[in-house]
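These are the residues of each chain, in order.
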Amino acid sequence: MFQANPNHSSSVLSGDRSIEVQHLTVMYQDVQALRNLTVTIAAGQLVGIFGPNGAGKSTLVKAMLGLIPAATGTVTYGDRPLAEQRQRVAYVPQRSQIDWTFPATVWDVVMMGRVRKTGFLRPFSGVSRRLAVNALERVGMAEYGDRRIGDLSGGQQQRVFLARSLAQDADIFCFDEPFVGVDQTTEQILFSIFRELASQGKTVMVVNHDLGESITHFDHLILLNRELIAAGDRRSVLQPQHMTRAYGGHVRFFEPQAA
Ligand code: ADP
Ligand code: MG
């Protein structure tokens, strides 16, 4: 069941810019989490990073952004290391890495997206406030500005973090497992905003482990298991031999039938 996607064919604006990962190896002490991974992440597409638990998906994202060191290899965007261009990146980590007891309101969280542009301990500009209000409206959370982030549902929390990344006005968006613990409405909102960002020519990568029907939202897949198993357009990656190598013998995944 393939659906024609009206957005992603022709309107790529900055498709000349891609993230080039070359020969990336990441170690945690003696444990090799990723081995010699070479992959290109193009702008203007919705890129899914898939693989089983412990495959190194979060490690890849963190190493790309320079949040953890690479043992070997390079990650460039344009002609410079991506780690030197972190102001262009909006990153929403996995739920488990966020401190949900932190006493911040929804508004505080979204305005954190503006700190880098504004400067630490400086008053926020009118532009920053407008971007934050717009971002909350886009994710349907404008009414919740005064609520504590820890008191919201999983889906509402994820939408607030999406709003924070939108307020950042970034070129590159990385979301690590954004669909975990979210409701159907939130999932729809997330995918529709990811698609919109991609069609604006942004670089959008989403770590995901769900091999269900939602996989058809992605244009391009990167399949990992401690090393690169396959990367390319969705159909070329969703082949039984790749899936078996990544997930082991009995994996069930959504296999679209050719039209
Ligand atoms: P995924 O996101 O695909 O589930 P991760 O990137 O979190 O996988 O982890 C890849 C591997 O590296 C796993 O075996 C994990 O246990 C290990 N690992 C992740 N973080 C650390 C860490 N801080 N210290 C040691 N090992 C780690
Ligand atoms: Mg992870």
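Residues numbered from 1 in each chain as written. Chains lettered and ligands numbered in written order. Predicted model: local features only at pLDDT ≥ 70, side-chain atom pairs only at ≥ 80, totals over all residues. Heavy atoms only, no water.

Chemist: For this particular structure, what's the right way to read the site of ligand 1?
Modeler: All residues adjacent to ligand 1 are Y28, A33, P52, N53, G54, A55, G56, K57, S58, T59 and R226. Measuring from an oxygen atom of ligand 1, one finds a side-chain N or O atom of S58 at 2.9 Å. Separating an oxygen atom of ligand 1 from a side-chain N or O atom of T59 is a distance of 2.4 Å. If ligand 1 stood free it would expose 550 Å²; the protein chains cover 62% of that surface. (Near = heavy atom within 4 Å. Polar contact = N/O pair within 3.5 Å; in protein donor to acceptor, adjacent residues only side chain to side chain. Areas by Shrake-Rupley, 256 points an atom, 1.4 Å probe, with all protein chains shown as cover.)

Chemist: Explanation requested: unusual backbone geometry in the structure shown.
Modeler: For residues other than glycine, phi is negative in most cases, and the peptide bonds are mostly trans. One non-glycine residue with positive phi stands out, namely N36, at about 45°. With respect to the secondary-structure elements, N36 resides in strand β2 (residues 31–42). In the Ramachandran plot, D169 falls in the positive-phi region, its phi being about 60° despite a non-glycine side chain. Checked against the element boundaries, D169 lands in the loop between α5 (154–167) and β7 (172–176). (Helix = DSSP H or I, 4+ residues; strand = E, 2+ residues; numbered from the N terminus.)

Chemist: What should I look at first to understand the coordination of the magnesium ion (ligand 2) in this one?
Modeler: Reference values for angles at a metal are 109.5 degrees in the four-donor tetrahedral case and 90 or 180 degrees in the six-donor octahedral case. The magnesium ion (ligand 2) binds to the protein through S58 (OG) and Q94 (OE1); the donor distances cover 2.1 to 2.5 Å. With S58 in helix α1 (residues 57–64) and Q94 in the loop between β6 (89–92) and α2 (106–112), the pair connects residues that are 36 residues apart, well separated along the chain. You can call S58 buried: its relative accessible area is 16%. (Donors = N, O, S within 2.8 Å, 3.2 Å for Na, K, Ca; no water. Buried < 20%, exposed > 50% of the residue type's maximum accessible area, 1.4 Å probe, protein only.)

Chemist: Honestly, the environment of V207 in this entry has me stumped. Any pointers?
Modeler: In this structure, V207 sits in strand β8 (residues 203–207). With 163 residues separating them in the primary sequence, V207 and G44 have C-alpha atoms 17 Å apart.

Chemist: Whenever I open this one, the nonpolar core confuses me. Can you help?
Modeler: Burial of nonpolar side chains together is a common tendency in soluble globular proteins. Ranked by size, the top nonpolar core spans 49 residues in total, and within it F194 and V204 carry the most contacts. Counting residues per element, this core draws most heavily on helix α6 (residues 184–199), which supplies 7 residues. Those residues in contact with F194 that sit more than four places away from it in its chain are L46, L162, F175, P178, F179, V204 and V206. By size, the runner-up hydrophobic cluster in this structure holds 28 residues, among which are I41, I68, Y77 and L224. (Core = buried A, V, L, I, M, F, W, Y, C linked by side-chain atoms within 4.5 Å. Contact = heavy atoms within 4.5 Å.)

Everything listed here is a matter of coordinates, which is why it stays silent on function.
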